Amino acid sequence: MTPIPHDRVRPRAPRRSLVFLAAGVLTMPVLSGCGEEDPAGRPVAEQDIAPAARDLVADGGTLRWAVDAVPETLNTFQADADPATTRIAGAVLPSMYRLDASGRPEINSDYVESAKVVEREPRQVVLYKLNQQAVWSDGREIGAADFAAQWRALSGKDSAYWTARNAGYERIEKIERGDNDLEVRVTFARPYADWKSLFSPLYPKQVMGTPDSFNDGARKKLKVTAGPFALKDIDRKGGAVTLTRNPRWWGRTAKVSTLVLRAVPRTERVEALAEDKVDIAEIDSVQAERIMLASRDKKESGAAGPLAQGDSAKALRSWAIAHGSDEKAADDEISARKKRRQAIAAYTVQQSALRGFTVRRSLEPAYTQLALNGSDGPLADERVRRAVARAIDREKLAALVLEPLGLPAVPVGSHLALAGQAAYADNSGALGGQDTDEARALLADAGWEPGGPLAPGRKAAGAEGEKEQRTERKNKDSEDSRNSEDSRNSEDESTYIVGQDDKPNDADGNLAQDGKQFKPGGAPGAYAPRGTRAPADAARGPLAKNGKLLTLRFVLPSGPGTESLRAVGARIAAMLERVGIRTEISKVADESYFKDHIANGQYDLALYSWPASAYPATDARPIYAKPVPAADGSLSVEQNYTRVGTDRVDQLFDQAVSTLDEAKTRALIRKADARIWAAAGSIPLYQRPQLVAARTDLANAGAFGFQTPFYEDMGFLKKGAQGPARPAGT
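To start, this report covers the structure provided alongside it. Because the structure is predicted, anything quoted here is derived from the model rather than measured. (Residues numbered from 1 in each chain as written. Predicted model: local features only at pLDDT ≥ 70, side-chain atom pairs only at ≥ 80, totals over all residues. Heavy atoms only, no water.)

Side note on the sheet that holds strand S7 (residues 183-188)
Reasoning step 1: Strands sit in the order S4-S5-S7-S6 across an open sheet of four strands; the sheet is antiparallel. In this open sheet, the two edge strands, each paired with only one partner strand, are strand S4 (112-119) and strand S6 (172-177). In this sheet, adjacent strand axes meet at a mean angle of 15° when their direction is disregarded.
Reasoning step 2: For S6 and S7, the ladder comprises five bridges, and the chain directions are antiparallel. Bridge pairing in S7 links Lys174 to Thr187.
Reasoning step 3: Across the sheet, helix H2 (residues 144-154) is in contact with strand S5 (125-130), S6 and S7; its angle to S6 comes to roughly 160°. (Pairing = 2+ DSSP bridges. Helix = DSSP H or I, 4+ residues; strand = E, 2+ residues; numbered from the N terminus. Axes fitted to C-alpha atoms, helices over the stretch in contact; angles between N-to-C directions. Contact = heavy atoms within 4.5 Å.)

See below:
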């Protein structure tokens, strides 16, 4: 997956896209068919899109939607595709499956009547029965030729195609017509659990048929489409993409006649809303507060907000200076007051315009994590990584970001799915919750001693110190006996050794069992060996080993929109200091944050986010794959920027993606997640807030959460129509 800026999330980007961050009621898990609670539960927050029946929505009009930029390409399978590329594809191209409000795949009946695995042996065969009304905008039926062209382009067999991803397509053996033109048979060379991820979107054979049309033709134009909208114009100079109703569309007619995607920088969105340039825009928490302030009390008069004079004392001082004997000071104050009045007037006009907007709130299908670089330094020791994890209070961090926005502050319990998605289960018990004493004990076992740099001749604390003392004993124990003793101690205490978890007697019973919760103390490796005590004075100062302080470099972005991320970073640093871990916070420019620091491993701790996927067996594997040496001697990490991985996790992913039993796939994904937790390379914290400013009369649009938008249902309420109620608690 390609990195994207902190304020953007791509639902289904090429590979899995990296992002970094800037009150509903927690729903209870539903019951499964067998009478047990479904560990997947339901989404933590409902979507907030002002749903309305189509007969209440006016026909016609133009909906203007803010995007970050006019996309460089219209081909979602190219490396520089962005969220605007995905949005356009969703409105103008077919997709066999879409995501529902819980982030689970559902068949797209506008294009497919049915899709299912019809054969498992000797090969997996999926049969698609297409909607007989589904046609391209040139009048040709959507059919097997389009499926086959896309498979050949994305199979990876022809290097002339410049593709960013081919996951799943490389497993296909052949594609052919079924019993009639409306049937497509896809035969796989190897079983593929995530087959529902394929052909969404589906491009016409005119795009996928040749390398030239794939590489260049689809970058700037799409002549043939098959969605509720068609591409009319791309105005790069004016920063707008215009979509109009597709006259050959067979589904529900689009409510708005024109959909304009207008490029508006994130920092300028409040002004664009107030100046009637856009009708809907994703915003940050500061912008959301300003819009909510505008609508809070429309009867208030006078200056409001950050530009107001403030209090009577300041006002009196300003008057005194303006009317005092110091002429220069008086002139400066008069000029400042004039500018202040102008600014207040402009602010007041904007606030008046913003009263026509509301803030729609939900949670993005993405989560923010604390990444721990395990390639070298103190964090190469899994005990130190686990100590960091046990020192932080994830509930407080979630509350810091989400509670001020009126969103439920629930920590994320999985690396591979979010609450509501089929593969979700809270596997955080594999590592354990916040426990300051346990964190100190783990650090002590790793040899980190309180009190600053050690005096010459002093031994490190805990197990490390004991090992040094054993080494100094001459002729008392042989090397073999010491190794044997260490091995027995490790087995007795069920210590989980990262990278060595694929041994035959591996105890999967202590890890995830299809979402069942952990018993306290039952997770291997999450606790220090029995008898290791936390030093009583651990909180009095930093820790050290071999004369070196335990200090971790914490890299954070410095740009606008990342204030929440920096606040979370500061809170984490304070939590770590309580157990003796010092942090050096380094704030770097957004444009270099990922490229020069995360991807290159130039950090100890960092905060960034991953979007959730409905297909974790495919999309998540590169993120948690065990790094391997490359031919040139470097370390190939794929997208595993923490450099922490295990053979066993790789095996579980491989098994999950090759299993056609959906229940088994979920169980394998949950086991993999439990082991990722235990390895403590990354700690999921909270789902990212999703804040969208929309006109109060705009229906069926806003904070979509997991769900794929229904572009044809968006529109403005008819005059006099009653607006829909907001979700409970928001």
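Some points on the nonpolar core
Reasoning step 1: One finds Met96, Tyr128, Phe199, Leu370, Ile572, Tyr624 and Leu685 to be the most contacted residues of the largest nonpolar core, which totals 171 residues.
Reasoning step 2: In this structure Phe199 touches Pro94, Ser95, Met96, Tyr128, Phe147, Gln150, Tyr169, Ile172, Ile175 and Val186, once residues within four positions along its chain are discounted. (Core = buried A, V, L, I, M, F, W, Y, C linked by side-chain atoms within 4.5 Å. Buried < 20%, exposed > 50% of the residue type's maximum accessible area, 1.4 Å probe, protein only.)

Some details on the side chain of Ser613
Reasoning step 1: Tracing the backbone through its elements, the reader meets Ser613 in the loop between strand S18 (605-611) and helix H16 (616-619).
Reasoning step 2: For Ser613, a relative accessible area of 8% gives the class buried.

Here's the deal with the sheet that holds strand S15 (residues 548-549)
Reasoning step 1: The sheet built from three strands is open, its strands ordered S13-S14-S15 with antiparallel pairing. Strands at the two margins of the open sheet, each flanked by one partner only, are strand S13 (449-450) and S15.
Reasoning step 2: With two bridges connecting them, S13 and strand S14 (residues 543-545) associate as antiparallel partners. Its bridge partner lying in S14, Glu449 is registered against Ala544.

Considerations on the packing of helix H10 (residues 394-402) against helix H14 (residues 563-577)
For any two helices packed against each other, one specifies the crossing angle of their axes together with the interaxial distance.
Reasoning step 1: At their nearest, the axes of H10 and H14 sit 10 Å apart, and the two run at 155° to each other. Here H10 lies roughly antiparallel to H14, going by the angle between them. Here H10 and H14 pass one another in a crossing that is right-handed. Residues Lys396, Leu397, Leu400 and Val401 of H10 form the contact with H14, whose own contacting residues are Ala567, Val568, Arg571, Ile572 and Met575.
Reasoning step 2: In the contact of H10 with H14, the residues fall into seven nonpolar, no polar and two charged. (Parallel < 35°, antiparallel > 145°, perpendicular 65-115°, else oblique. Left-handed = near helix turned anticlockwise from the far one by under 90°. Nonpolar A, V, L, I, M, F, W, Y, C, P; charged D, E, K, R; others polar.)

Observations regarding the pairing of S18
Reasoning step 1: Of all seven residues making up S18, seven are buried, and the element is well covered by its neighbours.
Reasoning step 2: Here S18 shows a buried face lined by Leu605, Leu607, Ser609 and Pro611 and a second buried face lined by Ala606, Tyr608 and Trp610.
Reasoning step 3: Sheet topology places strand S12 (residues 357-372) next to S18; seven bridges connect them, and they run antiparallel. Across the sheet, the residue bridging to Ala371 is Ala606, located in S18.
Reasoning step 4: One ladder, built from two bridges, connects strand S16 (residues 551-557) with S18; its direction is parallel. Each residue of the ladder has a partner; that of Val555, found in S18, is Ala606.

What to know about the packing of aromatic side chains
Reasoning step 1: Throughout the structure, instances matching the rule amount to 18 aromatic pairs.
Reasoning step 2: Ring plane angle 85° and centroid distance 5.9 Å describe the contact between Tyr97 and Trp195, whose orientation is recorded as edge-to-face. With a gap of 98 residues between them, Tyr97 in strand S2 (residues 97-99) and Trp195 in the loop between S7 and helix H3 (205-208) connect regions that are remote in the sequence. Across this residue pair, the class does not change: Tyr97 and Trp195 are buried.
Reasoning step 3: Here Tyr128 and Trp195 contribute two aromatic rings whose centre-to-centre distance is 6.4 Å and whose plane-to-plane angle is 80°, an arrangement assigned as edge-to-face. In this pair, Tyr128 is assigned in strand S5 and Trp195 in the loop between S7 and H3, connecting sequence segments 67 residues apart. For the pair formed by Tyr128 and Trp195, the shared burial category is buried.
Reasoning step 4: In this arrangement the basic side chain of Arg87 is found over the ring face of Trp65, its NZ or CZ atom lying 4.1 Å from the centre.
Reasoning step 5: The ring of Phe710 carries the charged tip of Arg98 above its face, separated from the ring centre by 3.6 Å. (Phe/Tyr/Trp six-rings, centres within 6.5 Å; stacked < 30°, edge-to-face > 60°. Lys NZ or Arg CZ within 6 Å of the ring centre and 35° of its normal.)

Some remarks on the environment of Ser634
Reasoning step 1: Note that Ser634 resides in the loop between strand S19 (628-629) and strand S20 (635-636).
Reasoning step 2: Residue Ser634 is classed as partly exposed on the basis of its relative accessible area of 35%.
Reasoning step 3: Those residues in contact with Ser634 that sit more than four places away from it in its chain are Val628 and Pro629.
Reasoning step 4: Within the local environment of Ser634, its side chain forms a polar contact with the side chain of Asp632, the two groups lying 2.6 Å apart. (Polar contact = N/O pair within 3.5 Å; in protein donor to acceptor, adjacent residues only side chain to side chain.)

Considerations on the pattern of salt bridges
Reasoning step 1: Applying the stated criterion to the full structure yields 28 salt bridges.
Reasoning step 2: For Asp279, the salt bridge goes to Arg695, with nearest N and O atoms at 2.7 Å. Placement of Asp279 in the loop between helix H5 (269-274) and strand S11 (280-282) and of Arg695 in strand S21 (residues 682-695) is noted, with a sequence separation of 416 residues between them.
Reasoning step 3: Exposure remark for Arg695: the relative accessible area of 18% places this residue in the buried category.
Reasoning step 4: Of the charged contacts in the structure, one is a salt bridge between Asp647 and Lys626, with a shortest N-O distance of 3.3 Å. With Asp647 in helix H18 (residues 647-657) and Lys626 in the loop between helix H17 (621-624) and S19, this pair connects stretches of sequence that are 21 residues apart.
Reasoning step 5: The class of Lys626 is partly exposed, set by a relative accessible area of 27%.
Reasoning step 6: When salt bridges that share partners are traced, they join Arg54, Arg252, Glu712 and Asp713 into one network. (Salt bridge = Lys/Arg side-chain N within 4 Å of Asp/Glu carboxyl O.)

Comments concerning empty space enclosed by the protein
Reasoning step 1: In this structure, the second largest cavity spans a volume of roughly 140 Å³.
Reasoning step 2: Lining of the second largest cavity is provided by 18 residues; of these, Tyr624, Asn640, Thr642, Val644 and Ile676 occupy positions nearest its centre.
Reasoning step 3: Looking at the lining of the second largest cavity, the elements with two or more residues in it are S18, H17 and helix H19 (662-679).
Reasoning step 4: With three residues, the top contributor of residues to the lining of the second largest cavity is H19.
Reasoning step 5: Among the residues forming the lining of the second largest cavity, the class breakdown is nine nonpolar, eight polar and one charged. (1 Å grid on protein atoms, 1.4 Å probe; cavity = no way out; pocket = protein on both sides within 12 Å on 5 of 7 lines; lining within 4 Å. Points joined across faces, edges and corners; volume = space filled by probe spheres on them.)

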